[in-house]
Amino acid sequence: MTSNDTPRDPHPYVGMWVTADGFIRQELLPNGRYDEARGDRRSAYTGRYTVTGTHIDYVDDTGFTATGDIRDGVLFHEHLVLYREGDERARQGGTRSLGG
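For every chain, the first residue of its written sequence is number 1, and the numbers climb from 1 along that sequence. Reporting in this predicted model follows two pLDDT cut-offs: at least 70 for local features of residues, and 80 or more for side-chain atom pairs to be given and counted; totals over whole chains, interfaces and linings ignore these cut-offs and use all residues. Only hydrogens and water are set aside; all other atoms, that is, all heavy atoms of the structure, feed into the side-chain values.

Enquirer: Explanation requested: the pattern of salt bridges in the structure shown.
Expert: Here the idea is simple: oppositely charged side chains can pair when their charged atoms come close. Here, a salt bridge means any Lys or Arg side-chain nitrogen found within 4 Å of an Asp or Glu carboxyl oxygen. Throughout the structure, instances matching the rule amount to three salt bridges. With its nearest N and O atoms 2.9 Å apart, the salt bridge here joins R33 to D61. In this pair, R33 sits in strand 3 (residues 33-38) while D61 sits in the loop between strand 5 (55-60) and strand 6 (65-71), placing the two residues 28 residues apart along the sequence. Buried residues are those whose accessible area, probed at 1.4 Å on protein chains only, stays under 20% of the maximum for their type, while exposed residues exceed 50% and partly exposed ones sit between those limits. Residue classification places R33 among the partly exposed positions, given a relative accessible area of 30%. Measuring nitrogen to oxygen at the nearest pair gives 2.8 Å for the salt bridge that ties E36 to R38. Look at E36 and you get buried, because its relative accessible area is 2%. Residue R38 is classed as partly exposed on the basis of its relative accessible area of 25%. By definition, any uninterrupted DSSP run of H or I lasting at least four residues is a helix, any uninterrupted run of E lasting at least two residues is a strand, and each is numbered from the N terminus.

Structure, rendered in structure tokens:
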């Protein structure tokens, strides 16, 4: 086994993020890809992402770009506010405004 074969721990942001109403579900995958569902539309948006500190840069498979920032465990992705799946704040309908 070479050092390149050593499994890495996934980034702490990897996992499912959801809007307070559950309509938008964005999964950050450990391989640097994302898959975003909207309502009943699975894989509405897919692409790749990179993380620098608390900042996320997205490049959709169609070439569209977007950004996001994690603040206090909340993902602010363009005009969306997403919470970790299971986060109590999401079940309460969100307690933070878009402005942070």
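Enquirer: Would you explain the layout of surface pockets in this entry?
Expert: Where empty space is left becomes clear once a probe the size of a water molecule has been rolled over the atoms. Space inside and on the surface of the protein is sampled on a 1 Å grid over the protein atoms alone, with a cavity defined as a set of points where a 1.4 Å probe fits but cannot get out and a pocket as an open set with protein on both sides within 12 Å along at least 5 of 7 lines; lining residues have an atom within 4 Å of a point. Grid points are joined across faces, edges and corners, and a volume is the space filled by probe spheres set on the points. Size it by volume and the largest pocket reaches roughly 240 Å³. Along the wall of the largest pocket there are 15 residues; nearest its centre are R38, Y45, F64, A66 and H77. Contributions of two or more residues to the lining of the largest pocket are made by strand 3, strand 5 and strand 6. The biggest single contributor to the lining of the largest pocket is strand 3, with three residues.

Enquirer: Would you mind showing me how to read the packing of aromatic side chains here?
Expert: Two aromatic rings, taken as a pair, are described by how far apart their centres are and by the angle between their planes. Any two of the Phe, Tyr and Trp rings considered here, Trp counted by its six-membered ring, make a pair once their centres fall within 6.5 Å; the pair's planes then place it as stacked at under 30 degrees, edge-to-face at over 60, or tilted in between. Overall, the coordinates contain one aromatic pair when judged by the stated rule. On the numbers, 5.2 Å between centres and 90° between planes, the contact of Y34 with Y58 is edge-to-face. Remark: Y58 occurs in strand 5 and Y34 occurs in strand 3; sequence separation between them is 24 residues. Like Y58, Y34 is buried. Think of it as a cone above the ring: NZ of Lys or CZ of Arg counts as a charge over the ring if it is within 6 Å of the ring centre and within 35 degrees of the ring normal. The residue whose ring lies beneath R41 is Y45, and the NZ or CZ to ring-centre distance is 6.0 Å. Over the aromatic face of F76 sits the side chain of R71, whose NZ or CZ is 4.0 Å from the ring centroid.

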